[in-house]
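Summary of the model geometry
This is what each chain is made of:
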Amino acid sequence: MSILSDIQSTLAPLGLPMETGAYTEAAPDKYLVIVPLADTFELYADNAPGFDVQEARISLYAKGSYTADKNAVVRAMLGGGFTITDRRYVGYETDTGYHHYVVDVSKHYEMEE
């Protein structure tokens, strides 16, 4: 029950290199970095959590056009049962030559008893 492992398995077929937290290898022309954002509980009338809501940010870094990869990430996340809470172009990093695009996602996990 981990959003990080679910994201990794959902995006693996895209063939984009990915790491959690930071990319520590020599960076290729395209890669993904996954960062956990939040873990919250959905509360019900009895104030007991019914769902664990986990959120993460997927950062796509690409030299050159990023549009096809961005669309592939979005389609994979929606197809994998994730909710997309935000997506935006962060900007072009002149010092590295990468375009930076983020997709924020969340997923609800039923609480285990």
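Note that the structure is a prediction, hence the values are computed from the model and not measured.

1. As for the packing of aromatic side chains
Per the counting criterion, the structure on display carries 6 aromatic pairs. Summarising the aromatic geometry, the rings of Tyr-31 and Tyr-61 are spaced 5.0 Å apart at their centres and angled 15 degrees between planes, so their arrangement reads as stacked. Of this pair, Tyr-31 sits in strand β2 (residues 30-43) while Tyr-61 is found in strand β3 (residues 49-62), placing the two residues 30 residues apart along the sequence. Note on Tyr-31: relative accessible area 10%, which makes it buried. A centroid spacing of 6.4 Å and a plane angle of 90 degrees characterise the contact between Tyr-61 and Tyr-98, whose relative ring orientation is edge-to-face. You can see Tyr-61 sitting in strand β3 and its partner Tyr-98 sitting in strand β5 (residues 98-110), a full 37 residues away along the chain. The two residues Tyr-61 and Tyr-98 agree in class, both being buried. The side chain of Lys-107 reaches across the aromatic face of Phe-82, ending 4.5 Å from its centre.

Conventions we followed
Residues numbered from 1 in each chain as written. Predicted model: local features only at pLDDT ≥ 70, side-chain atom pairs only at ≥ 80, totals over all residues. Heavy atoms only, no water. Phe/Tyr/Trp six-rings, centres within 6.5 Å; stacked < 30°, edge-to-face > 60°. Helix = DSSP H or I, 4+ residues; strand = E, 2+ residues; numbered from the N terminus. Buried < 20%, exposed > 50% of the residue type's maximum accessible area, 1.4 Å probe, protein only. Lys NZ or Arg CZ within 6 Å of the ring centre and 35° of its normal.

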